[in-house]
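Remarks on the overall topology
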Amino acid sequence: MLKVPLESHCKRICQAVIVATCMSASMLTTPLHATELGYPEKEELTFGFIKLTDMAPIAIAYEKGFFEEEGLYVTIEAQANWKVLLDGVIDGRLDGAHMLAGQPIAATIGYGTKAEIITPFSMDLNGNAITVSNEIWAQMKGNIPKQADGKPVHPIKADALKPVVEKYLDAGKPFNMGMVFPVSTHNYELRYWLAAGNIHPGFYAPHKGDTSGKIDAQALLSVTPPPQMPATMEAGTIYGYCVGEPWNQQAVFKGIGVPVVTDYEIWKNNPEKVFGITKAFADKYPNTTIRLTRALIRAAKWLDDNNNANRPEAVKILSQSNYVGADYDVIANSMTGTFEYEKGDKRSVPDFNVFFRYNATYPYYSDAVWYLTQMRRWGQISEDKPDSWYKDIAAKVYRPDIYMKAAQSLVDEKILSKSDFADLANEDGYREPQKHFIDNIVYDGTTPNAYINKFKIGLKAGDKL
Amino acid sequence: MTATLSKKTVGAQPMSIKALFTAFFTTKAKAIILPSVGIVCFLLFWSLAASSIDTSLGKFPGPSAVATQISNLIDEHNTEREKETAFYIRQEQRNQARMAKDPSYEPKTRAYTGKETFLDQIITSLLTVLSGFLLAAIIAIPLGIAIGLSKNLNMAINPIIQIFKPVSPLAWLPLVTMVVSAVYVSPEPLFAKSFINSLITVTLCSIWPMVINTSFGVASMNQDWVNVSKVLSLPKLVHIQKIVIPASIPAIFTGMRMSLGVAWMVLIAAEMLAQNPGLGKFVWDEFQNGSSQSLSRIMTAVIVIGLIGFMLDRTMLQLQKKLSWDKSSAQR
């Protein structure tokens, strides 16, 4: 009888000592106060995803046991489309999901379904491309300058597509293209690329009930779920699309289309997917939230370790039918540092998929602000907003505080090293002004209204449809 | 067939053993040879047709591609089971470790979180179709008897049945989904919502053939038997139990067989549409994957769906033969 309480006392003292040491150690090294992370409040979780290679951190965290090591028992379910996925998270059928960066933001500002969704973890950089059908490619190819070896010069700009679109419009035929969701990265990237080449992708006017985004449009964009993109283009319903992998490489393999530009070329190292959970979930289950973020950080790290050394193994996992399920070769084409444009024109793009490098997992406020500027540019946000509003919304949705708690505890437990999170200790959440856009316009997240005014096509401050 | 035939011949006139043997043999041989010829022709036609259809996902799968996939799917099932065992061992160790650290912790064993294999999906679909069908039978047969017995009730309910009967249960599916997720709320649900959705959809489609056939069977009962019951002045319940049910069993079973066939078809479609676990989801997932294996896996599923549908029908037939007095209604 005596032994048990004594032992537990000892344990408690030991624990207290450990906690105290951890705390003092962390106080010395960083301003964050790390207490020992408690057990997860909710252990059985269901996460949703769409069949795209950028869901990899979730699959890897599961397969490599990172979730289990956090005491989380996770079931991973493929979802039919982004709408179903978002509804699943909102109504609680899913605890969290692989989301388009625009989804938590749009949900929070009430564009589409209104719900408070946050993200403690950004899943990847880049990873999308724009593909056109063979028919369009044949017409565009003549407008693209050639390299010495006869291959087209990259990046290919939409200027080469402009005459083709005009030809269709003159003939009275609509020029249809596909993207995956109205608030998807793909929609904004495709619009960005088209507009940079003087093709108007159309405005939204939600205050007038117009959410089709086709006002003044020269290219008509419509929604198609990612896995159905190649089939829809093959059927002739759309002439091209912007989607994540493997659905661009699938077009190459099937011989039905040619990827013309990757989003890496449209905006170097652009933030792409995020991991979304409801705010209610994060408030109710703080330990679970931190723990799942920890598992995802470790998975992302694993994916980029040793210069993508683990990628072939990751591709093997992703090609399982319950994850992405496409052929190994198709997924490997973009995941292992290369990208195949026209059949046979395989080029090295080592950063086509970035999961951890360049602080890819840190949820930057400036990323959220960029999405908000694009929503405003295309009319999804129908009224002018002050710069402070952009800042407030970003802080509501993107939660680097949770991320830093997770990162700190990983460092404290010596699972990852401090150097893995090099510059994050004093991060204010706004990246330095970013220059690498296809139209050379510089983006500074602290001045969104000034940024919007720089675009030739798009709503500017004061404009209202 | 054979049994009745030989009995009759024996009864009619004594035949030589040899003639009897040949008669028996030819019918038996026919029963084996003809279907085999049919199947072989079909396989030949299938592989010929398959090799000449090119899709963007490769050739249309022929019989050999399906055979490969069957062995693949079984391998995958076995691998998954091994992973499952490892999962439980790891979980046990983790629970032990946590108990050592935190004695107040009550260990809990959580179900395996890995993927459902093809065999698991088959079982899910079978369980769903059978439970939905049973629920439908529990509602439809008493209702059918009541309608068959009372002309007034029939006139009252008939328009409703006629309106809802032609509605595809898939049209109900969105409504069912929303209602279930609103009404069926419990922190520790006994059944998954997806299961309830599929089950209700199956029930909705299998109710009508059973109600209609049962009421028809009851209404067209032999009048003599009704009179017998009247003469004996049987109480209502005994009348139903001793006269009505036995008399209408053939009709009830015809309705049940039709229902089960429809239910199986609808379930697969509902699973595809609602992404509920089961064979339909398997087919849809494979279609979405678009890998070079996808088409042959879908073809495998198609054949398995067909075989299961066939087996369900045969099972109902056997049940009908066992329970029904009118053997002729169970001939085809």
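The rules behind these values
- Note on numbering: residues in each chain are counted from 1, in written sequence order.
- By the order in which they are written, chains take letters starting at A while ligands take numbers starting at 1.
- Under the rules for a predicted model, residues below a pLDDT of 70 receive no local features and side-chain atom pairs below 80 are neither given nor counted, while totals for whole chains, interfaces and linings still include all residues.
- Note that water and hydrogens are dropped before the side-chain values are worked out from all heavy atoms of the structure.
- Only DSSP runs of H or I reaching four residues or more are called helices, and only runs of E reaching two or more are called strands; each is numbered from the N terminus.
- Just to be clear, the radius of gyration here is over C-alpha atoms, and the globule rule we use is 2.2 Å times residues to the power 0.38.
- Relative accessibility under 20% of the residue-type maximum defines a buried residue, over 50% an exposed one, and the middle range a partly exposed one, all with a 1.4 Å probe and only protein chains included.
- Note on definitions: a residue-residue contact is assigned when non-hydrogen atoms from the two residues lie within 4.5 Å.
- All accessibility values rest on the Shrake-Rupley procedure with a 1.4 Å probe; residue burial counts only the protein chains present in the view.
- Under the counting rule used here, the positive set is Lys and Arg, the negative set is Asp and Glu, and His together with the chain ends is not counted.
- Throughout, a charge is located at the NZ atom of Lys, the CZ atom of Arg, the CG atom of Asp or the CD atom of Glu.
- Buried area adds together the accessible area that both of two parts lose upon being put together, with accessible area traced by a 1.4 Å probe.
- Here a salt bridge means any side-chain nitrogen of Lys or Arg lying within 4 Å of a carboxyl oxygen belonging to Asp or Glu.
- For the purposes of these results, a polar contact is taken to be a pair of N or O atoms within 3.5 Å, where, inside protein, one atom must be able to donate a hydrogen and its partner to accept one; residues adjacent in sequence count only when each atom of the pair is a side-chain atom.
- Note that domain bounds follow an automatic or database assignment of domains.
- When residues are sorted by character, Ala, Val, Leu, Ile, Met, Phe, Trp, Tyr, Cys and Pro go into the nonpolar class, Asp, Glu, Lys and Arg into the charged class, and all the rest, Gly among them, into the polar class.
- Multiplying 1.5 Å by the residue count of a helix minus one yields the expected span of that helix.
- Throughout, the bend at a residue refers to the angle made by two axes, fitted to the seven residues ending there and to the seven starting there.
- In this description, strands pair whenever DSSP reports at least two bridges between them.
- Every angle, taken between N-to-C directions, lies between 0 and 180 degrees, and every axis is a line fitted to C-alpha atoms, over only the stretch in contact when it is a helix.
- Any angle from 65 to 115 degrees is called roughly perpendicular, while one under 35 is roughly parallel, one over 145 is roughly antiparallel, and all others are oblique.
- Handedness of each helix crossing follows the sense of rotation of the near helix against the far helix: counterclockwise by less than a right angle gives left-handed, clockwise gives right-handed.
- Using a grid of 1 Å spacing that covers the protein atoms alone, one calls a set of points a cavity when a 1.4 Å probe fits there but cannot get out, and a pocket when the set is open and has protein on both sides within 12 Å along at least five of seven lines; lining residues are those with an atom within 4 Å of a point.
- Grid points are joined across faces, edges and corners, and a volume is the space filled by probe spheres set on the points.
- Each aromatic pair joins two rings of Phe, Tyr and Trp (for Trp, the six-membered one) with centres within 6.5 Å, and gets the label stacked for planes under 30 degrees apart, edge-to-face for over 60, and tilted for any other angle.
- Remark: a charge is flagged as sitting over a ring if the NZ atom of Lys or the CZ atom of Arg is within 6 Å of the ring centre and within 35 degrees of the ring normal.

1. Here's the deal with the overall build of chain B
Within chain B one finds eleven helices and two strands. Ordered by position in the sequence, the α and β elements of chain B form the string α-α-β-β-α-α-α-α-α-α-α-α-α. Against the globule reference of 20 Å for 332 residues, chain B gives a C-alpha radius of gyration of 26 Å, more extended than a compact globule. Structurally, chain B occupies a C-alpha span of about 80 × 55 × 45 Å along its principal axes. Sorting the 332 residues of chain B into buried and exposed places 37% on the buried side. A sequence separation of at least 24 residues applies to 70% of the contacts in chain B between residues at least 6 apart. When the accessible surface of chain B is split by element, carbon and sulfur atoms take 72% of a total near 19200 Å². Of the charged side chains in chain B, 29 are positive and 18 negative; the average position of the first set lies 14 Å away from that of the second.

2. Details of the interface of chain A and chain B
The partner chain B presents 30 residues to the 29 residues of chain A that form the contact. Area buried by chain A at its contact with chain B is led by A:Tyr39, A:Glu68 and A:Tyr73, which between them contribute 26% of it. Taken together, chain A and chain B are joined by six salt bridges. Across the salt bridge formed by B:Lys83 and A:Glu63, the nearest N and O atoms sit 3.3 Å from each other. Across the contact surface, chain A and chain B share 14 residue pairs in polar contact (both at pLDDT 80 or more).

3. Here's the deal with the pattern of salt bridges
Applying the stated rule across the entire model yields 36 salt bridges over all chains. Between B:Arg90 and A:Glu68 there is a salt bridge, and its shortest N-O distance comes to 2.7 Å. Of the two residues, B:Arg90 is situated in helix H3 (residues 63-101) and A:Glu68 in helix H3 (residues 66-69); the pairing between them involves two chains.

4. Focus: the environment of B:Gln91
Mapped onto the fold, B:Gln91 is located in helix H3. For B:Gln91, a relative accessible area of 1% corresponds to the buried category. Spatially, the C-alpha atoms of B:Gln91 and B:Asn152 are 62 Å apart, while their sequence positions differ by 61 residues. Discounting residues that sit within four places of it in the chain, B:Gln91 has contacts with A:Tyr73, B:Lys108, B:Thr109 and B:Arg110. Here the side chain of B:Gln91 touches B:Arg110 through a polar contact of 2.6 Å, landing on its backbone nitrogen.

5. What about the domain arrangement of chain B?
All names here are of chain B. Once the domains are mapped, chain B shows domain 1 (61-115) and domain 2 (116-181 + 190-326). Taking only C-alpha atoms, the centre of domain 1 and the centre of domain 2 are 34 Å apart. Counting residues at the interface gives 13 residues for domain 1, matched by 13 residues for domain 2. Area buried by domain 1 at its contact with domain 2 is led by Pro61, Gln69 and Leu73, which between them contribute 46% of it. The tally of links from domain 1 across to domain 2 stands at two salt bridges. For the salt bridge of Arg81 with Asp120, the shortest nitrogen-to-oxygen distance reads 3.0 Å. Taken together, the links from domain 1 to domain 2 amount to six residue pairs in polar contact (both at pLDDT 80 or more). For the side of domain 1 that touches domain 2, the residue count by class is five nonpolar, four polar and four charged.

6. Things to note about helix H7 (residues 193-219) of chain B
Residue and element names in this part refer to chain B. Helix length check: H7 (27 residues) gives 39 Å between terminal C-alpha atoms against 39 Å at 1.5 Å per residue, within 8%. Maximal helix bending in H7 amounts to about 30°, located at Ser206; proline Pro209 follows within four positions. Counting buried positions along H7 yields 21 of 27 residues, so the element is predominantly enclosed.

7. Some thoughts on the pairing of strand S6 (residues 128-133) of chain A
All names here are of chain A. Summarising burial for S6: six of the six residues are buried, a large majority. Burial along S6 is two-sided: the residues Asn128, Ile130 and Val132 and Ala129, Thr131 and Ser133 are all buried. Pairing analysis gives five bridges linking S6 to strand S12 (residues 257-262), with the strands arranged antiparallel. Opposite Val132, over in S12, you have Val258 as the bridge partner.

8. Observations regarding the sheet that holds strand S10 (residues 219-223) of chain A
All names here are of chain A. If you trace the five strands from one edge of the open sheet to the other, you get S10-S7-S11-S6-S12, paired in mixed fashion. Each edge of the sheet is formed by a strand with only one pairing partner; in this case those strands are S10 and S12. Each adjacent strand pair in this sheet contributes to an overall mean axis angle of 25°, direction not counted. Of the strand pairs in this sheet, strand S7 (residues 175-179) and S10 are connected by five bridges, and their pairing is parallel. Across the sheet, Gly178 pairs through a bridge with Ser222, a residue of S10. The sheet strands contacting helix H6 (residues 134-141) are S6, S7 and S12, and the helix crosses S6 at an angle near 90°.

9. A short note on the packing of helix H14 (residues 311-318) of chain A against helix H15 (residues 328-335) of chain A
All names here are of chain A. The interhelical angle for the contact between H14 and H15, taken along N-to-C directions, is 140°, at an axis separation of 9 Å. Judged on the interaxial angle alone, H15 and H14 are oblique. The way H14 lies across H15 gives a crossing that is right-handed. Here Arg311, Pro312, Ala314, Val315, Lys316 and Leu318 of H14 lie close against H15, whose contacting residues are Tyr328, Ile331, Ala332 and Met335.

10. Overview of the sheet that holds strand S2 (residues 73-78) of chain A
Residues and elements named next belong to chain A. The strand order across the open sheet built from five strands is S2-S1-S3-S13-S4, with neighbouring strands paired in mixed fashion. Every interior strand has two partners, whereas the edge strands, S2 and strand S4 (117-122), have only one. The sheet shows a mean angle of 35° between the axes of neighbouring strands, direction not considered. In the sheet, strand S1 (residues 44-49) pairs with S2 via six bridges, with the strands oriented parallel.

11. Here's the deal with the layout of surface pockets
Gaps left between atoms are located by rolling a probe of water-molecule size over the structure's atoms. For the second largest pocket, the calculated volume is near 580 Å³. Taken together, the residues of the lining of the second largest pocket sort by class into seven nonpolar, four polar and 13 charged.

12. Some words on empty space enclosed by the protein
The full count for this structure, using the stated rule, is one cavity of 30 Å³ or more. Put simply, the largest cavity is a space of about 40 Å³. Looking at the largest cavity, the residues that line it are A:Lys51, A:Ala78, A:Gln79, A:Ala80, B:Gln275, B:Trp284, B:Asp285 and B:Gln288. Ranked by residues supplied to the lining of the largest cavity, first place goes to helix H10 (residues 279-289) of chain B with three residues. Looking at the lining of the largest cavity residue by residue, the classes come out as three nonpolar, three polar and two charged.

13. Quick notes on the environment of A:Leu459
All names here are of chain A. Looking at the element boundaries, Leu459 is found in the segment after helix H19 (448-452). Accessibility expressed as a relative area gives 5% for Leu459, which makes it buried. Apart from residues lying up to four places away in sequence, Leu459 is in contact with Phe203, Arg376, Arg377, Gly379, Ile452 and Leu465.

14. Comments concerning the packing of aromatic side chains
Following the criterion strictly, the structure yields 37 aromatic pairs over all chains and no others. Ring centres of B:Phe118 and B:Phe282 lie 4.6 Å apart, and the angle between their planes is 50°; on these two criteria the pair is classed as tilted. Here B:Phe282 lies in helix H10 and B:Phe118 lies in helix H4 (residues 118-149), a separation of 164 residues in the sequence. Note on B:Phe118: relative accessible area 7%, which makes it buried. The class of B:Phe282 is buried, set by a relative accessible area of 7%. Put simply, the rings of A:Tyr188, A:Tyr192, A:Trp267, A:Trp370, A:Tyr371, A:Phe437, A:Tyr443, A:Tyr451 and A:Phe455 pair up and form one aromatic cluster. The ring of A:Tyr192 carries A:Arg377 above its face, with NZ or CZ at 5.3 Å from the centroid. B:Arg98 extends its terminal NZ or CZ atom over the ring of B:Tyr105, reaching a point 3.8 Å from the ring centre.

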